[in-house]
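Here is what each chain is made of, one letter per residue.
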Amino acid sequence: MKERTLAILKPDCVRKNLTGQIIARIEAAGFKILGIKKVRMTKETAGAFYAVHKGKPFYDGLVEFMSSGPCIPMALEKDNAVVDFRNLIGATDPKDAAPGTIRKDYADNKGENIVHGSDSPENAKIEISFFFSEKELLENL
Ligand code: DAT
Ligand code: MG
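Residues numbered from 1 in each chain as written. Chains lettered and ligands numbered in written order. Predicted model: local features only at pLDDT ≥ 70, side-chain atom pairs only at ≥ 80, totals over all residues. Heavy atoms only, no water.

Caption draft 1: Main features of the pattern of salt bridges. Taken as a whole and assessed by the stated rule, the structure comprises eight salt bridges. Between K37 and E136 there is a salt bridge; the shortest N-O distance is 3.2 Å. Of this pair, K37 sits in the loop between β2 (32-36) and α3 (43-49) while E136 sits in the segment after α7 (121-131), placing them 99 residues apart in sequence. Among the residues examined, K37 registers a relative accessible area of 24% and is labelled partly exposed. A residue is classified by how much of its surface remains accessible, and E136, at 35% relative accessible area, is partly exposed. The closest approach of N and O atoms between D84 and K78, which form a salt bridge, is 2.5 Å. With relative accessibility at 23%, the residue D84 sits in the partly exposed group. Residues joined by salt bridges that share partners form a network here, namely R4, E77 and E134. (Salt bridge = Lys/Arg side-chain N within 4 Å of Asp/Glu carboxyl O. Helix = DSSP H or I, 4+ residues; strand = E, 2+ residues; numbered from the N terminus. Buried < 20%, exposed > 50% of the residue type's maximum accessible area, 1.4 Å probe, protein only.)

Caption draft 2: Examining the sheet that holds strand β4 (residues 115-117) more closely. As summarised here, the arrangement of the four strands in space is β2-β3-β1-β4, forming an open sheet in which the pairing is antiparallel. Only two strands of the sheet have a single neighbouring strand rather than two, namely β2 and β4. Averaged over all pairs of adjacent strands, the angle between strand axes in this sheet comes to 25°, irrespective of strand direction. Of the strand pairs in this sheet, β2 and strand β3 (residues 72-79) are connected by four bridges, and their pairing is antiparallel. Within β3, the residue paired with G35 across the bridge is A75. Sheet strands touched by helix α5 (residues 81-89): β1 (2-9), β3 and β4. Its angle to β1, the strand with the most contacts, is close to 35°. This element, α7, spans β1, β3 and β4 of the sheet and lies at about 55° to β1. (Pairing = 2+ DSSP bridges. Axes fitted to C-alpha atoms, helices over the stretch in contact; angles between N-to-C directions. Contact = heavy atoms within 4.5 Å.)

Caption draft 3: Expanded view of the environment of S118. Counting through the fold element by element, S118 comes out in the loop between β4 and α7. Put simply, S118 and E44 are 74 residues apart on the chain and 20 Å apart in space, counted from C-alpha to C-alpha. In this view, S118 contacts T5, L6, V82, R86, N123, A124 and E127; residues no more than four positions away in its chain are not counted. In this structure the side chain of S118 is engaged in a polar contact, spanning 2.7 Å, whose partner is the side chain of E127. (Polar contact = N/O pair within 3.5 Å; in protein donor to acceptor, adjacent residues only side chain to side chain.)

Here it is in structure tokens:
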């Protein structure tokens, strides 16, 4: 069944001029882009987006990194989008990511890992609404 997920091309992806290559891989994997924009998160918005990780040792660095430059949130749609997108990007740490995954091929380390993907359909809804209004989500028809 068609499902939505939130992807973010993180500031390292944008800085390295990899956005086109990563979007090509996402489209080739069958995801439709319903919404896409370029934003610069403040520390406050990055902190709110990752609030679930507040208190963890990597939280401050994560907020610093995610607010260090512009990023590109995308609302994606596909059958089984959440799990399929997590499989496309690979494990959080590129050292553990499977061959052929985006993080394996492009990420420098666990902190700067090129791309975000929602971890459940429930969180996908919350995360998509963090960046997009319903009228900004358009089918490719
Ligand atoms: P994921 O992005 O794979 O869902 P996560 O939700 O556990 O991973 O963590 C969110 C982000 O926080 C992750 O993409 C990178 C950063 N992060 C997580 N664990 C980390 C660690 N041990 N050291 C540095 N950064 C970490
Ligand atoms: Mg996560």
